Amino acid sequence: QVQLVESGGGLVQAGGSLRLSCVASGPTASMAILGWFRQASGKEREFVAATSPSAGYTHYGDSVKGRFTGSRDNARSTIYLQMDNLKPEDTAVYYCAATLSGSYTYASRYNYWGQGTQVTVSS
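Since we're looking at a predicted model, the values are computed, not measured. Residue indices begin from 1 for each chain and proceed along its sequence in written order. Side-chain atom pairs in this predicted model are given and counted only at pLDDT of 80 or more, local residue features only at pLDDT of at least 70, and totals for whole chains, interfaces and linings cover all residues. In computing side-chain properties, one takes all heavy atoms of the structure into account and sets aside hydrogens as well as water.

Peer 1: Give a detailed account of the overall build of the protein chain, specifying residues and quantitative values.
Peer 2: Within the protein chain one finds zero helices and eleven strands. Its helices and strands taken in sequence order, the protein chain reads β-β-β-β-β-β-β-β-β-β-β from the N to the C terminus. To get the radius of gyration, use the C-alpha atoms; to get the globule rule, take the number of residues to the power 0.38 and multiply by 2.2 Å. What you see for the protein chain is a C-alpha radius of gyration of 13 Å, in line with the 14 Å of a compact globule of 123 residues. The C-alpha extent of the protein chain, read off along each of the three principal axes, is 40 × 30 × 25 Å. Each helix corresponds to a stretch of at least 4 residues labelled H or I by DSSP, and each strand to a stretch of at least 2 residues labelled E; elements are numbered beginning at the N terminus.

Peer 1: How would you sum up the pairing of strand S8 (residues 78–83)? Please name residues and give values.
Peer 2: To sort residues, take the accessible area from a 1.4 Å probe on protein chains only and compare it with the maximum for the residue type: under 20% means buried, over 50% means exposed, and anything in between is partly exposed. Within S8, five of the six residues are buried, leaving the element largely enclosed by the surrounding structure. DSSP-based pairing: two strands are paired if at least 2 bridges between them are found. Of the pairings in the sheet, the one linking strand S3 (residues 18–25) to S8 comprises six bridges and is antiparallel in character. Bridging from a neighbouring strand, Leu-18 pairs with Met-83 of S8. The hairpin formed by strand S7 (residues 68–73) and S8 contains four residues between the paired strands, and Ser-77 there has a positive phi angle of roughly 50°.

Peer 1: Could you give an account of unusual backbone geometry, with specific residues and numbers?
Peer 2: One non-glycine residue with positive phi stands out, namely Asn-85, at about 50°. If you trace the backbone, Asn-85 turns up in the loop between S8 and strand S9 (92–99).

Peer 1: Account for the sheet that holds S8, naming residues and giving values.
Peer 2: The strands making up a sheet associate through backbone hydrogen bonding, with each pair oriented either parallel or antiparallel. Judged by pairing direction, the sheet is antiparallel, and its four strands sit side by side in the order S1-S3-S8-S7 without closing on themselves. Bordering the open sheet on either side are strand S1 (3–7) and S7, each of which pairs with just one other strand. Strand-to-strand, the axes of this sheet are offset by a mean angle of 15°, without reference to chain direction. Under this scheme, a helix contributes an axis fitted over its contacting stretch, all axes are lines through C-alpha atoms, and angles between N-to-C directions fall in the 0 to 180 degree range.

Peer 1: Give me the lowdown on the nonpolar core, citing residues and values where you can.
Peer 2: Throughout this description, the term nonpolar core refers to a set of buried Ala, Val, Leu, Ile, Met, Phe, Trp, Tyr and Cys residues connected via side-chain atoms within 4.5 Å. Core analysis: the largest hydrophobic core is formed by 26 residues, its most contacted members being Leu-4, Trp-36, Val-48, Phe-68, Leu-81, Met-83 and Tyr-94. Listing elements by their share of this core, those giving two or more residues are S3, strand S4 (33–39), strand S5 (46–51), S8, S9 and strand S11 (117–122). Core analysis: the second largest hydrophobic core is formed by seven residues, Phe-47, Ala-50, Ala-107 and Tyr-110 among them.

Peer 1: Explain the pattern of salt bridges residue by residue, including any values.
Peer 2: Two side chains that carry opposite charge are able to pair once their charged atoms sit near each other. Here a salt bridge means any side-chain nitrogen of Lys or Arg lying within 4 Å of a carboxyl oxygen belonging to Asp or Glu. Applying the stated criterion to the full structure yields four salt bridges. Where Arg-38 meets Glu-46, a salt bridge forms, and the shortest distance between an N and an O atom there is 2.9 Å. Among the residues examined, Arg-38 registers a relative accessible area of 6% and is labelled buried. For Asp-62, the salt bridge is made with Lys-65, and the minimal N-O distance between the two is 3.1 Å. Assessed through its relative accessible area of 66%, Asp-62 is described here as exposed. Taken together, the salt bridges that share partners define one network made up of Arg-38, Glu-46, Arg-67 and Asp-90.

Have a look at this one:
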């Protein structure tokens with residue numbers, strides 16, 4: 001199993017930056033694909049980014065390409081999401097998720113989830 005704890009959310013103005021962190025722990029944390037999803041009020045969960053266990057690959061959702069950067073510290077099983085040039089439409093609860101198998105981009109393939117951290121971007 002994998003336990004996940006996100007942090008780093010907050011309130012920023014459009015054009016600003018935030019850096020999210022997710023610490024993964026448990027017997028299989030180092031072997032898991034770790035990803036970020038977000039869910040805005042009244043909308044479905046959306047894929048943001050995900051990293052391979054080796055940190056050799058990061059996949060991004062189309063809406064955040066060029067603005068968000070994911071990274072992974074393999075020794076500590078921790079992932080980060082650097083969010084730059086934030087827009088009001090980025091406002092959502094951001095969740096860290098883990099899977100030992102399956103696609104990087106489908107929420108249904110992830111079976112471990114953190115509690116979420118709120119990101120709010122004002123105009």
